[in-house]
Amino acid sequence: MNGNRPAIAEGESVPAATPGLGWDQVKRELLEFFASIKLAMFLFIVLAITATIGTVIQQNERAEVYIKEYGEQVYQWFVLLGFTDVYHTWWFTSLLALLCINSLTCFYKRFPAIWRSMQQDKVSVTLPFVKNLKYTTEVAVPGQKDRVAEGLVRMFAEKGYQVLAKNGPQEATVYATKGILGRVGAHVAHLSATVIVLGGLVGSLWGFQQFGVCLEGETYHIPEGQFDLRVDKFWIDYHDNGAVKSYNSTLTVLEGEDAKLTKTITVNDPLVYKDIWFYQSSYGNAWDRVEVVRLNIKDKKTDEVLHTVDLDWQQEKALNELGLKLAVTDFVADFGFNSQDKKVYSKSVDHENPAIKLAIWERDGVAATPWIFYHYPGLFDIKDSQYRFELVGYRPKQFTGLQISKDPGVNIVWVGSTLIVVGITLSSFIYHRRLWVKIVPDANGAQSVVHIGGNTHKSQIDFQKEFRRITERLKTLTT
Amino acid sequence: MIRSLFLFDMTFWLYLAALSLYIGYVFARRPAASFELAPAGHPTSMGFNDGAWATQIGQVATIVTIFGLIMNTVALGTRAYERLEHLGTFAPWSNQFEAMAFVSWAIIFGYLLFEARYKIKSVGAFVVGIGFIAMGAASLLPYRYQTAEPLVPALNSYWIYIHVSVTLLSYAAFAMAGGLGIMYLVKERAERLGKPSRLYNALPDLETIDELGYKAIMVGFPLLAFGIILGAMWANYAWGGYWSWDPKETWSLIVWLIYGAYIHARMTRGWEGRRAAIYAIFGLLMVVFCFWGVNFLLSGLHAYA
Ligand code: HEM
């Protein structure tokens, strides 16, 4: 690739290497290994292959989910290999780290040569060198050697080349180069890959991500920022056809009693305070609270509906004509009972088996707090009561799902990202090319023979065209 | 809605016509050494040595392609207007159908730029073909995928204008590279068959095809990098983190890594020519999976289709 190796040998003087394990030897081999393009290809491919795993197997699920889908045995393997959280396994992280080491070593090994080539003397080349370049030709041009050389230098400069010229008694030499920035760009890309990974590392070490299920009207303490967050309001906007258009929460940041900042956030528009970001991430039905429930009150004997009543959450309501006082004191979306500590809980966040706990005070001193099930009316009978209560409907309380995160590495990632895009773009659209010209005067001095040769590390077609154009121009140089 | 769908339909037919013409062009170019093969009545004596027919068909092919591109542009513009009128956002790449129509626009646009610059028309038989397939696949989608539905809240952001379009442009570049890869294999086969067939003569030499394929990938690679990073910036605004390993973003990274391996492989010996062509076709298949497969087969935050 590096067509012409720089005249200066790389590294220190190479001692006649005894085939032992001298430190120099080890160092050279290591450098060779870590700077090799083969390793880079290997890492690109292995990363690509292993990254597919996490897109096929659900990540970070509960054990039951995997066991149900793949079976116990396979799940054991998944755990062993880290397939349930591929991107955070030691081996995936190591591959990323290796890629960084690889590209840094590549930079270390190759960039100095590029740097030097920008300053080096390139006009001490011989005629056979020019004739052996990948693209080479010779043209007879009318005019003296000096004038031809002058014309050439002017032409190259017009085309945006950097030019070096040397005029000797026998011959003139011109060296012209352009597009070194393309190669510098590649190395900018190599450095910035590591910058991005470092940014990610900083974020994972000193940042955090949490998910908050928050209810309207409540205030939550954010220990990481030592402030409080109040959810003033949550609502959903709809399109005409009923599809959800946006969902929004009005949040207020409180420090002690002071309201510092109020903002309505929506998807794509977070609130930021003290480097902590609050995103509108989702919404849903709370699993431990309702806004209002609707009950049918039936006569136990006749099974006739005597009354239908709507009860607000934890608000007592008196029904004097029936001699009743009722209140909804609790709710679970998916009824579960822990027999050890005798507690009712919601088995999941889904409204699979909703139930309310109803506090009942009846005229003649009967008091009870039964659980009443939406799907199983009449499961419990309340002794001594003349009524039966059926839960016929409820409006769940909606929660607003807030993603709360802080990432001190994010700006590093943006710097690295910008650099990598700039670097790759430069290297894609600018190609490095070099031309050498030897101008030898004819026997009588009125004509000169111009030997021109050049190479490029890519974009052969474009270079071929350019080379042809330049040789065409040569013929008319002095006229 | 009907109006833009009609225009997309027209685009489809124009691309089909253009593709047929380019194929006709390839076969109409006569081998230089066999003048006697000229169609009856063809005035060989008038000094046409490269098939006057071919030149004319080639010109018509280019014109039809330009019309197709204009139609495609108008169709996208009309769809953008329909979106703006009814839904308040206009990006005409807000669902799978529109995205594919946009990719096909980009492939054809890229091809015309290429033709203007390099004047190698036979490439059209392959690259316009891929643009046509993209458009055709879009029109095969069920009707409910083709209409403009309102954006779900997560997509309703100005990021969609730039992130999605840049990513789709990179897909178009990779599609061109894949088309050139196929062309390489065809040419190579024609070469192996020995005698200078029409097909053989019509196609540029292997080295040129190889180089052009590489160039297409070198356009796609930075575009995809930019697209992925724009996606990360968007995610940072919408999802609460710039990278969450969701299947779509992971797959676009995979595609990027695959092409990363390609550009580095080219610096080592033996990775030009045939191998590079096959690799470019493989890369295109991965792009297709990232573009289609992920939306329809894998679930995740991007699954809006
Ligand atoms: C980590 C992500 C990497 C990115 C984004 C990247 C990107 C690039 C790009 C865009 C080029 C220019 C290609 C061309 O001009 O055709 C390039 C060149 C190169 N890359 Fe990488 N690369 C990466 C990693 C590596 C690694 C790990 C190595 C290890 C050997 C490596 C070795 C090289 C070499 C030797 C060149 C040629 C440089 C020159 O022209 O002097 N790259 N790279």
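Everything discussed here concerns the structure shown above.
Residue indices follow the written sequence of each chain, beginning from 1 at its first position. Just so you know, chain letters begin at A and ligand numbers begin at 1, following the order they were written in. Totals for whole chains, interfaces and linings use all residues, but because this is a predicted model, local features are given only for residues with pLDDT of at least 70 and pairs of side-chain atoms are given and counted only at 80 or more. The basis for the side-chain values is all heavy atoms of the structure; hydrogens and waters are excluded.

K.L.:
Any chance you could explain the overall build of chain A here in plain terms?
P.N.:
Along its length, chain A carries 10 helices and 21 strands. A globule of 479 residues ought to have a C-alpha radius of gyration of about 23 Å, yet chain A, at 39 Å, is considerably larger. When its C-alpha atoms are laid out on the principal axes, chain A stretches across 135 × 60 × 45 Å. Total accessible area computed for chain A in this model is approximately 25700 Å², and 55% of it derives from carbon and sulfur atoms. Residues scored as positive are Lys and Arg, those scored as negative are Asp and Glu, and His as well as the terminal groups of each chain are ignored. By convention, the charge on Lys lies at NZ, on Arg at CZ, on Asp at CG and on Glu at CD. Considering chain A, the positive charge centre built from 51 side chains and the negative charge centre built from 52 side chains are found 13 Å apart. A run of H or I in DSSP becomes a helix once it reaches four residues, and a run of E becomes a strand once it reaches two; helices and strands are each numbered from the N terminus. Our radius of gyration is a C-alpha quantity, and the globule rule it is checked against amounts to 2.2 Å times the number of residues to the power 0.38. Only the protein chains shown count as cover for residues, and the accessible areas themselves come from Shrake-Rupley with a 1.4 Å probe.

K.L.:
I'm lost on the packing of aromatic side chains in this one. Help?
P.N.:
Two measures describe an aromatic ring pair: the distance that separates the ring centres and the angle between the ring planes. Note on aromatic contacts: the rings of Phe and Tyr and the six-membered ring of Trp form a pair at centre separations within 6.5 Å, being stacked when their planes are under 30 degrees apart, edge-to-face when over 60 apart, and tilted otherwise. Under the counting rule described, the total for this entry stands at 50 aromatic pairs over all chains. Their ring planes at 65° and their centres at 6.4 Å tell us that Phe373 of chain A and Tyr376 of chain A sit as a pair that is edge-to-face. Only protein chains enter the accessibility calculation, which uses a 1.4 Å probe; a residue is then buried when its area is under 20% of its type maximum, exposed when over 50%, and partly exposed in between. A relative accessible area of 6% means that Phe373 of chain A is categorised as buried. Given the relative accessible area of 46%, Tyr376 of chain A is considered partly exposed. A centroid spacing of 4.7 Å and a plane angle of 50° characterise the contact between Trp93 of chain B and Phe102 of chain B, whose relative ring orientation is tilted. The exposure class of Phe102 of chain B is buried, given its relative accessible area of 7%. Linked through ring pairs, Tyr66, Tyr70, Tyr75, Phe78 and Phe83 of chain A together constitute an aromatic cluster.

K.L.:
Looking at this model, I keep getting lost on the coordination of the iron atom of the ligand. Mind explaining?
P.N.:
Geometry sets the ideal angles at a metal, namely 109.5 degrees for four tetrahedral donors and 90 or 180 degrees for six octahedral donors. Note that water is not among the atoms used; donors are N, O and S atoms within 2.8 Å of the metal (3.2 Å for Na, K and Ca), so sites may look incomplete. The coordination sphere of the iron atom of the ligand contains the protein donors His190 of chain A (NE2) and His264 of chain B (NE2), at a distance range of 1.9 Å. Angular criteria define each label, namely tetrahedral for four donors with all angles between 85 and 135 degrees, square planar for four and octahedral for six donors with opposite donors over 155 degrees apart and remaining angles between 65 and 115, and irregular for whatever fails these tests. Around the iron atom of the ligand, the 6 donor atoms are arranged such that angles at the metal cover 87 to 180°; this shape is classified as octahedral. Residue His190 of chain A is located in helix H8 (residues 180-206), and its partner His264 of chain B is located in helix H9 (residues 247-265); the two belong to separate chains. The same class applies to His190 of chain A as to His264 of chain B, namely buried.

K.L.:
I would appreciate a short explanation of unusual backbone geometry in the present structure.
P.N.:
Glycine aside, a negative phi is what most residues show, and trans is what most peptide bonds show. Residue and element names in this part refer to chain A. Positive phi outside glycine occurs at Asp275, with the angle close to 65°. You can see Asp275 is positioned in the loop between strand E9 (271-273) and strand E10 (276-299). Phi angles above zero are rare outside glycine, and Asp303 is one such case at about 60°. Within the secondary structure, Asp303 sits in the loop between E10 and strand E11 (305-312).

K.L.:
Where do I start with the sheet that holds strand E20 (residues 433-441) of chain A in this structure?
P.N.:
Note on sheets: strands pair through backbone hydrogen bonds, and any given pair is parallel or antiparallel. All names here are of chain A. We call two strands paired when DSSP finds no fewer than two bridges between them. Reading across from one edge, E1-E21-E20-E3-E2 is the order of the 5 strands in this open sheet, with antiparallel pairing throughout. Edge positions in the sheet fall to strand E1 (135-142) and strand E2 (162-167), since each of these pairs with one other strand and no more. Neighbour-to-neighbour, the strand axes of this sheet turn through a mean angle of 15°, independent of strand direction. Where E1 lies against strand E21 (residues 447-456), 8 bridges are found, and the strand directions are antiparallel. The residue bridging Glu138 from the neighbouring strand is His451, located in E21. In this description, contact between two residues means that some pair of their heavy atoms is separated by no more than 4.5 Å. To get an axis, fit a line to the C-alpha atoms, keeping to the stretch in contact for a helix; angles then go from 0 to 180 degrees between the N-to-C directions. Contacting E1, E20 and E21, helix H10 (residues 460-475) runs over the sheet at an angle of about 15° to E1.

Any link to function would need more than the numbers given here.
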